[in-house]
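This is what each chain is made of:
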Amino acid sequence: MLKKKCILLTVIICMLTSFLPFYTVSAAEYYDMNYFRFLASQSDDDNLPGNVKEKDKKWTTKEPQKQGDYFLIDMYQELEVGKVVLEHEQSEYPGKYSVYVSTKMEYFGEPIISEKSGNESTQTTIDFPSIEKIRFIKIVLEAGTETNSNAWSINSLKVFHANNASSKVQYK
């Protein structure tokens, strides 16, 4: 009788734990943007960097692109990142840009990606050359970006998990 109760209890525990919520990220998935903070060189009440995580909204420079315009992602903790994908209007891609990463807001050092050029598509994919733990990602428009005389916009973005990173993320 005791053996049957133990088996029944084990089955019930297994069933209950399968319904418990937890957050994991597989290698092909992206992090939840709701836990990130976004900053940009240009913003106002209707044009917030955080619009990139809202449906039917976007962030934009509103004016033609110029050297020094930037978009910064603060992930609030160090995570392993494989790539970032920016969704934007076909003509509002980042002209010429570099990508900086850091674990501290005060120091970004040298870019990990230098002077890349966007193209006339609705998506810019930024593949990270190596996997490292970072907290901040800063995309900065460089000299020569003026060749795209349109504004730079981001309708949405996704920060993808690195392939061999730990699968559990702690949100505080």
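Residues numbered from 1 in each chain as written. Predicted model: local features only at pLDDT ≥ 70, side-chain atom pairs only at ≥ 80, totals over all residues. Heavy atoms only, no water.

Draft legend 1. Up close: the pattern of salt bridges. Under the counting rule described, the total for this entry stands at six salt bridges. One salt bridge connects Asp 74 with Arg 37, and the closest N-O pair in it is separated by 2.9 Å. One end of the pair, Asp 74, is in strand E3 (residues 70-87); the other, Arg 37, is in strand E1 (residues 37-40), and 37 residues separate them in sequence. Residue Lys 66 is joined to Asp 69 by a salt bridge in which the shortest nitrogen-to-oxygen separation is 3.2 Å. A relative accessible area of 2% places Asp 69 in the buried class. Overlapping salt bridges bring together Arg 37, Asp 74 and Arg 135 as one network. (Salt bridge = Lys/Arg side-chain N within 4 Å of Asp/Glu carboxyl O. Helix = DSSP H or I, 4+ residues; strand = E, 2+ residues; numbered from the N terminus. Buried < 20%, exposed > 50% of the residue type's maximum accessible area, 1.4 Å probe, protein only.)

Draft legend 2. View of the nonpolar core. Ranked by size, the top nonpolar core spans 28 residues in total, and within it Phe 71, Ile 73, Ile 137, Leu 157 and Val 159 carry the most contacts. Counting only elements with at least two residues in this core, the list comes to E1, E3, strand E4 (96-102), strand E7 (133-141) and strand E9 (156-161). Ranked by residues supplied to this core, first place goes to E3 with seven residues. In this view, Val 159 contacts Tyr 30, Tyr 31, Met 33, Phe 36, Ile 73, Met 75, Val 81, Lys 83, Val 84 and Ile 137; residues no more than four positions away in its chain are not counted. Core analysis: the second largest hydrophobic core is formed by five residues, Leu 72, Tyr 100, Phe 136 and Val 140 among them. (Core = buried A, V, L, I, M, F, W, Y, C linked by side-chain atoms within 4.5 Å. Contact = heavy atoms within 4.5 Å.)

Draft legend 3. Main features of the packing of aromatic side chains. Within the structure shown, the criterion is met by six aromatic pairs. Their ring planes at 55° and their centres at 5.1 Å tell us that Trp 59 and Phe 71 sit as a pair that is tilted. Here Trp 59 is found in strand E2 (residues 59-60), whereas its partner Phe 71 is found in strand E3, with 12 residues between them in sequence. This pair shows no difference in class: Trp 59 is buried, exactly as Phe 71 is. Residues Trp 59 and Trp 152 carry aromatic rings whose centres are separated by 5.2 Å and whose planes lie at 90° to one another, so their mutual orientation is edge-to-face. (Phe/Tyr/Trp six-rings, centres within 6.5 Å; stacked < 30°, edge-to-face > 60°.)

Draft legend 4. Region of interest: unusual backbone geometry. The phi dihedral of Tyr 76 falls on the positive side, at around 65°, and the residue is not glycine. Relative to the helices and strands, Tyr 76 resides in strand E3. A positive phi is found at Glu 115, a non-glycine position, where the angle reads about 45°. Tracing the sequence through the fold places Glu 115 in strand E5 (residues 113-117).

Draft legend 5. View of the environment of Phe 136. Residue position: Phe 136 is located in strand E7. Phe 136 sits in the buried class, given a relative accessible area of 3%. A C-alpha to C-alpha distance of 8.1 Å links Phe 136 and Tyr 76, two positions 60 residues apart in sequence. Sequence-distant contacts of Phe 136, that is, excluding residues within four places in its chain, are made with Leu 72, Ile 73, Asp 74, Tyr 100, Val 101, Ser 102, Thr 103, Lys 104, Met 105 and Phe 108.

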